[in-house]
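# Working through the structure, step by step
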Amino acid sequence: MKTISKLKKELDKWFSLYIRLRKATDTGLAQCYTCGKVDHYKKLQCGHFQSRKFLPTRFNEQNCQVQCAKCNIFSQGEQWLFGIKLNKEYGLGTAQDLEFLSKSTVKITRVEYKENITYYKTLVKNLKKEKGLD
Ligand SMILES: [Zn+2]
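So, here's what we can say about the structure.

## Some details on the overall build of the protein
Scanning the protein from terminus to terminus reveals six helices and four strands. Reading the secondary structure of the protein in the N-to-C direction produces α-β-β-β-α-β-α-α-α-α. Here the C-alpha radius of gyration of the protein, 15 Å, is about what a compact globule of 134 residues would show, namely 14 Å. Along the three orthogonal principal directions, the C-alpha set of the protein runs to about 40 × 40 × 25 Å. Within the span of the protein, comprising 134 residues, buried residues form 31% of the whole. If you take every contact in the protein between residues at least 6 apart in sequence, the share linking residues at least 24 apart comes to 71%.

Given below as structure tokens:
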């Protein structure tokens, strides 16, 4: 039986691939959410607006966006700019809502992890097929 921490890691992997692929072109290029740098989706990262240490927003499709390593790691996620972009894309107040949500309490069960893994695995598979990527 897989431990919760193993399931979490597996979900991280598929969720990250989904985030990087959803806006990628059919040549595999995607754009960093905060600085605009274009690169291959495999070289980009899944950046979290509210840190991934907060479980309620760790797998949130608004909280997570494509980022380059420079923004994600070396500039602490460019959080201020990240928030501005989120409000522009999803509506004013989104950044604040996500911040609030991130501090709430949530428990993800083993079954839920498994369901989410299957869900994102399928999305990734379909996106790759649709765009002709590997
Ligand atoms: Zn960047």
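Let us keep going from here.
## Some remarks on unusual backbone geometry
Its identity is not glycine, yet Gln76 carries a phi of approximately 50°, on the positive side. Residue placement: Gln76 occurs in the loop between α3 (69–74) and α4 (79–90). Notably, Glu78 is not glycine yet its phi reads approximately 50°, a positive angle. By secondary structure assignment, the location of Glu78 is in the loop between α3 and α4.

## Structural notes on helix α1 (residues 4–22)
The end-to-end C-alpha distance of α1, which contains 19 residues, comes to 26 Å, matching closely the 27 Å that a straight helix rising 1.5 Å per residue would cover. The set of residues buried in α1 consists of Leu7, Leu11, Trp14, Phe15, Ser16, Leu17, Tyr18, Ile19, Arg20 and Leu21. On the buried face of α1, the contacting elements are β1 (29–31), β3 (45–48), β4 (64–67) and α6 (110–131).

## Focus: the nonpolar core
Counting residues in hydrophobic clusters, the biggest one holds 26 residues, and the most contacted among them are Trp14, Phe15 and Tyr18. Contributing elements (two or more residues each) for this core: α1, β4, α4, α5 (94–102) and α6.

Analysis parameters
- Residues numbered from 1 in each chain as written.
- Predicted model: local features only at pLDDT ≥ 70, side-chain atom pairs only at ≥ 80, totals over all residues.
- Helix = DSSP H or I, 4+ residues; strand = E, 2+ residues; numbered from the N terminus.
- Rg over C-alpha atoms; globule rule 2.2 N^0.38 Å.
- Buried ≥ 20, exposed ≤ 12 C-beta atoms within 10 Å, placed from the backbone.
- Contact = placed C-beta atoms within 7 Å.
- Expected span 1.5 Å × (residues − 1).
- Core = buried A, V, L, I, M, F, W, Y, C linked by C-beta atoms within 7 Å.

Take it as geometry only, folks, not as evidence of what the structure does.
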